[in-house]
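Breakdown of the fold
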Amino acid sequence: MKFSEVIGQQDTKQRLMRMVADEKVPHAMMLCGPAGCGKLALAFAMASYLLGEREEGTNANVSAMLAKLQHPDLHFVYPVIRPAGTPSDRKITSEDFIRQWQEMIGETAYFSFEEWLEKIDAANQQAQIFAAEGDRLTHKLSLKSSQGGYKVCVMWLPERMHTTFANKILKLLEEPPTMTVFIMVSEEPHLLLETIRSRVQRIDVKRIDDADIETALVQQRGLDAETAHRVGRIANGNWLKACEYLDASNENHQFLDMFIMLMRMAYARNTKGMKKWSETVAAFGREKQRRMLKYFSAQFRENFMSNFQNKELIYQTQEEETFSVKFGRFINEANIVEIQELIDRTIRAIGQNANAKIEFFDYALNMIVLIRRGC
C-alpha cells in the first residue's frame, strides 16, 4: 500500500517518510488515534515504504508482493479467537486466521474491530492476541530478511494482548532483532503496560480533515459535492463512519430503530414491550450490545444539543434528526448526566459477562424514570 492511497493525514505521512530519508527509523513505533482516522492504513503504507514501495521506480516483484501485503519480510499480529471445538491444548496464533486477514485487507485498509470480529465469526467470544503468538513471532523475526533489508511487524490493537505475550514482546522490544521495525496500531494505548509504552515512539494520528473526507467521497464513492459535504460533516473525521452512513444496510439503522422503540415505550411506560425489547437485544453478541449502547450515548448527546437550536452543534443523519425534532426536548439538564452514567454502567456490566436479559431490562426500566424526569 502506498502513502498516496491513505486518505488525508499529510503531516503524518511526511513525518514517516522523513524518518526513512533521515535514517532515523525507530525500532518500534505506535500509531495512536481515534477510530476511522486511518492508523492501520498508515501502518501498512509505512511498512510498504520500509520494504521498498515507492510511488515510482519500485521493483516489480516487490510491488507485486506488497500489493497484497504478502511480502515475506512483512509480519502481522492481530486479535483472534479460539474457534469452537478447538482442543484446549491447541495453540492459537494470528496465522490461524491468515486467510480472513488477507481477504479483509485485500478489500480495504479501513475496517473496524467489529467488522473483523464478524469476519472471523467471533459471536460472543472476545478476541485477543494469545500467548502462543510470542513464540511464533520470535521465530519469524529471528530469520534473516529474504530481501536483505528491513523486517517489519505490524501489530494491530496491541492493547488486546495476553499478559504472557506482553512479557515476550517486551523482551523483543528491549533486544530487537537486527533491521526489525515494530509498528503498533492502538486505539487504547493506556491499556498497555507502561514498560511497553516507554519502549515505543508514540505517533498521535489526528482525525481526518473534513475536506479530505469530502474529496475521498467524491473520488472513491462518486458522491456529488453537496452530499459529500453533509456526509463528511456527520463523519467528523472518521472515514468508517462516512462509509457506514452510505451503507443502507449498516447496523446503525437497526440501532436507531431500537433506540426509537425504547424511547417511545419508556414514555408510554410499556413494561411488557420493554421485556420483549430486552430479550431481543440480549440475543445480540456482547460486542454488538456495546456498540449499540455507544450509539445510544451519541444519540442522547445529539438530542441534548438540539435544545440549543444551533445546527452547527448537531451531527446526525436525516433520519436521526427527524426523530430528534420532537424527542430532543425530553433530554435536558434534568436527566442527561444520569442517562450517560446509566449507559456506562450497563456497558461495564456487559463487559463483565452479566446476564444480558436482566441488564437490558433494568436499563429499560430506568429509562422510564429518566425520560419522565425530563418532561
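This text goes with the structure placed above it.
Residues numbered from 1 in each chain as written. Predicted model: local features only at pLDDT ≥ 70, side-chain atom pairs only at ≥ 80, totals over all residues. Heavy atoms only, no water.

**Section: the overall build of the protein chain**
Scanning the protein chain for helices and strands turns up 17 helices and 5 strands. Each principal axis of the C-alpha atoms in the protein chain carries an extent, and together these give about 70 × 55 × 35 Å. In the protein chain, which comprises 375 residues, the share counted as buried stands at 50%. The contacts of the protein chain with a sequence gap of at least 6 include a subset with a gap of at least 24, amounting to 74%. A distance of 5 Å separates the average location of the 48 positive side-chain charges in the protein chain from that of its 49 negative side-chain charges. (Helix = DSSP H or I, 4+ residues; strand = E, 2+ residues; numbered from the N terminus. Buried < 20%, exposed > 50% of the residue type's maximum accessible area, 1.4 Å probe, protein only. Contact = heavy atoms within 4.5 Å. Lys, Arg positive; Asp, Glu negative; His and termini not counted. Charge placed at Lys NZ, Arg CZ, Asp CG, Glu CD.)

**A short note on the packing of helix 6 (residues 133–142) against helix 7 (residues 163–174)**
In helix packing, the relevant descriptors are the interaxial angle and the interaxial distance, both defined with respect to the helix axes. Relative orientation of the contacting elements helix 6 and helix 7 amounts to 20 degrees, with a least axis distance of 8 Å. Of the possible angle classes, the one that applies to helix 6 and helix 7 is roughly parallel. Each of Glu133, Gly134, Asp135, Leu137 and Thr138 in helix 6 lies in contact with helix 7, whose residues at this interface are Phe165, Lys168, Ile169 and Leu172. Its residues assigned to classes, the contact of helix 6 with helix 7 comprises 4 nonpolar, 2 polar and 3 charged. (Axes fitted to C-alpha atoms, helices over the stretch in contact; angles between N-to-C directions. Parallel < 35°, antiparallel > 145°, perpendicular 65-115°, else oblique. Nonpolar A, V, L, I, M, F, W, Y, C, P; charged D, E, K, R; others polar.)

**A short note on helix 6**
Buried within helix 6 are the following residues: Glu133, Gly134, Arg136, Leu137 and Leu141. Each buried residue of helix 6 lies within a common arc of 165 degrees when the element is viewed along its axis, so the set occupies one face. Packing partners of the buried residues in helix 6 comprise strand 2 (74–77), strand 3 (151–156), helix 7 and strand 4 (180–186). (Arc of directions from axis to C-beta.)

**What about the pattern of salt bridges?**
Applying the stated rule across the entire model yields 18 salt bridges. For the salt bridge of Glu187 with Lys39, the shortest nitrogen-to-oxygen distance reads 3.5 Å. You can see Glu187 sitting in the loop between strand 4 and helix 8 (194–197) and its partner Lys39 sitting in helix 2 (residues 39–50), a full 148 residues away along the chain. Accessibility expressed as a relative area gives 43% for Glu187, which makes it partly exposed. Linking Arg290 and Glu287 is a salt bridge whose minimum nitrogen-to-oxygen distance equals 2.8 Å. (Salt bridge = Lys/Arg side-chain N within 4 Å of Asp/Glu carboxyl O.)

**Thoughts on the sheet that holds strand 1 (residues 28–32)**
Overall, parallel pairing links the 5 strands, which are arranged 2-3-4-1-5 in an open sheet. Two strands close off the open sheet at either side, each with one partner strand: strand 2 and strand 5 (201–204). For this sheet the average axis-to-axis angle between neighbouring strands, irrespective of direction, equals 20 degrees. Bridge count between strand 1 and strand 4: 5 bridges; the pairing is parallel. From the neighbouring strand, Met29 faces strand 4, where its bridge partner is Ile183. Sheet strands in contact with helix 6 are strand 2, strand 3 and strand 4, and its direction is about 170 degrees off that of strand 2. (Pairing = 2+ DSSP bridges.)

**Some thoughts on helix 2**
Residues spaced three or four apart along an α-helix face the same direction, because each turn holds 3.6 residues. For helix 2, built from 12 residues, the straight-helix expectation of 16 Å at 1.5 Å per residue is met to within 8% by its first-to-last C-alpha distance of 16 Å. Of all 12 residues in helix 2, 12 are buried, a share of seventy percent or more. Every buried residue of helix 2 is listed here: Lys39, Leu40, Ala41, Leu42, Ala43, Phe44, Ala45, Met46, Ala47, Ser48, Tyr49 and Leu50. Positive backbone phi, approximately 110 degrees, marks Gly52, located one or two places after helix 2. (Expected span 1.5 Å × (residues − 1).)

**Details of the pairing of strand 3**
In terms of burial, strand 3 is a largely internal element, 6 of the 6 residues being buried. Side chains Lys151, Cys153 and Met155 project from strand 3 onto one buried face, and the interleaved Val152, Val154 and Trp156 project onto a second face that is buried too. Where strand 2 and strand 3 come together, 4 bridges link them in parallel fashion. Residue pairing in the sheet places Val77 in a bridge with Met155 of strand 3. Across 6 bridges, the pairing between strand 3 and strand 4 is parallel. Bridging across to strand 4, Val152 finds its partner in Val181. Viewed along the sheet, the connection from strand 3 through helix 7 into strand 4 turns out right-handed. (Right-handed = clockwise from strand over helix to strand, strands pointing away.)

**So, a negative patch on the surface**
Among the surface-exposed residues, Glu115, Glu118, Asp121, Glu244 and Asp247 lie close enough to one another that they form a single negatively charged patch. Note that Glu118 resides in helix 5 (residues 113–119). Given a relative accessible area of 64%, Glu118 falls into the exposed group. (Patch = residues over 30% accessible without salt bridge, like charges linked within 9 Å, V, L, I, M, F, W, Y side chains within 5 Å. Areas by Shrake-Rupley, 256 points an atom, 1.4 Å probe, with all protein chains shown as cover.)

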